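# Fold and contact review
Take a look at the letters that make up each chain.
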Amino acid sequence: MIVFALGVGNFAAHKAVIASGHPALAQMPWYNALGGRFSLGLEFLILLGAMLLAAEGSLGWVIGYLFYSIFNFVAAWLILKGKV
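Per chain, the residues get numbers from 1 upward, laid out in the order the sequence is written. Reporting of local features is limited, given that this is a predicted model, to residues whose pLDDT is at least 70; pairs of side-chain atoms are given and counted only at 80 or more, and all residues count toward the totals for whole chains, interfaces and linings. Excluded from the side-chain calculations are hydrogens and water; all other atoms, namely the structure's heavy atoms, are used.

Turning our eyes to something else, we now look at the overall build of the chain. A tally of helices and strands in the chain yields 4 helices and 0 strands. Categorising residues by exposure relies on relative accessible area from a 1.4 Å probe, with only protein chains included: less than 20% of the type maximum marks a residue as buried, more than 50% marks it as exposed, and the intermediate range marks it as partly exposed. Across the 84 residues that make up the chain, the buried fraction comes to 26%. Two residues form a contact once any of their heavy atoms are found within 4.5 Å. In the chain, the proportion of contacts linking residues at least 24 apart, taken out of those at least 6 apart, comes to 63%. Only the protein chains shown count as cover for residues, and the accessible areas themselves come from Shrake-Rupley with a 1.4 Å probe. On the chain, roughly 5500 Å² of surface is accessible, and the fraction owed to carbon and sulfur atoms is 76%. Strands are runs of DSSP state E lasting at least 2 residues, helices are runs of H or I lasting at least 4, and numbering of each runs from the N terminus.

Structural data, given as structure tokens:
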């Protein structure tokens, strides 16, 4: 459940960054490929992998996904607040 809740937050942050139209996104054409769906697809694959490994009892992947999520939330906050 923790990984799923973090995944929901990651998707929300990811979508907000895509919608922001930040100039840095223009420097990464793969990020906006297919209207942002490509990067959201990658986000889904990461979440799916973390959930499958967490379901197998791998606490390391849960902790890894927690750190990944913290990094994503900080990066999204910096982008959305114009600090980058």
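In this section: the packing of helix H1 (residues 2-20) against helix H3 (residues 37-55). Axis separation between H1 and H3 bottoms out at 10 Å; the angle between their running directions is 170 degrees. The pairing of H1 with H3 is recorded here as roughly antiparallel in orientation. Between H1 and H3, the residues in contact are Val3, Phe4, Gly7, Asn10, Phe11, His14, Lys15 and Ile18 and Ser39, Leu40, Glu43, Phe44, Leu47, Ala50, Met51 and Ala54, respectively. Across the contact of H1 with H3, the residue classes tally to 10 nonpolar, 4 polar and 2 charged. Whenever a helix is involved, its axis is fitted only over the stretch in contact; in every case the axis is a line through C-alpha atoms, and angles between N-to-C directions fall within 0 to 180 degrees. Angle categories are assigned with fixed cut-offs, so that under 35 degrees is roughly parallel, over 145 is roughly antiparallel, 65 to 115 is roughly perpendicular, and the rest are oblique. When residue character is reported, Ala, Val, Leu, Ile, Met, Phe, Trp, Tyr, Cys and Pro are called nonpolar, Asp, Glu, Lys and Arg charged, and the others, Gly included, polar.

With that settled, the discussion passes to H3. When the terminal C-alpha atoms of H3 are compared, their 26 Å separation across 19 residues agrees well with the 27 Å that a helix rising 1.5 Å per residue should span. Every buried residue of H3 is accounted for by Ser39, Leu40, Glu43, Leu47 and Ala50. Around the axis of H3, the buried residues are gathered within 100 degrees of arc, so they sit on the same side. Those residues of H3 that are exposed and aimed more than 90 degrees away from the buried face are Arg37, Leu45, Leu52 and Ala55. Buried residues in H3 make contact with H1 and helix H4 (59-80). Immediately downstream of H3, the backbone of Gly57 shows phi near 95 degrees, a positive value. Expected span, for any helix, means 1.5 Å times one less than how many residues it has. An arc is given here, and it is the one of the directions from the helix axis to the C-beta atoms.

When two helices pack together, their arrangement is given by the angle between their axes and by how far apart the axes lie. Where H3 meets H4, the closest approach of the two axes is 9 Å, and the angle between their N-to-C directions is 150 degrees. One finds that H3 runs roughly antiparallel with respect to H4. Taken as a pair, H3 and H4 cross one another with a handedness that is left-handed. Taking contact as the criterion, the partners of Glu43, Ile46, Leu47, Ala50, Leu53 and Ala54 in H3 are, on H4, Trp61, Val62, Tyr65, Tyr68 and Asn72. The residue makeup of the contact of H3 with H4, split by class, is 9 nonpolar, 1 polar and 1 charged. Take the far helix as the reference: if the near one is turned anticlockwise from it by less than a right angle, the crossing is left-handed, and if turned clockwise, right-handed.

Right, let's get into a nonpolar patch on the surface. Patch construction takes residues with relative accessible area above 30% that form no salt bridge. Like charges are linked within 9 Å, and nonpolar side chains (Val, Leu, Ile, Met, Phe, Trp, Tyr) are linked within 5 Å. By definition here, a salt bridge exists when the distance from a side-chain nitrogen of Lys or Arg to a carboxyl oxygen of Asp or Glu is within 4 Å. A cluster of nonpolar side chains, Phe38, Leu42, Phe44, Leu45, Leu48 and Leu52, forms an exposed patch at the surface whose accessible area comes to about 550 Å². Here Leu42 falls in the partly exposed class, since its relative accessible area comes to 36%.

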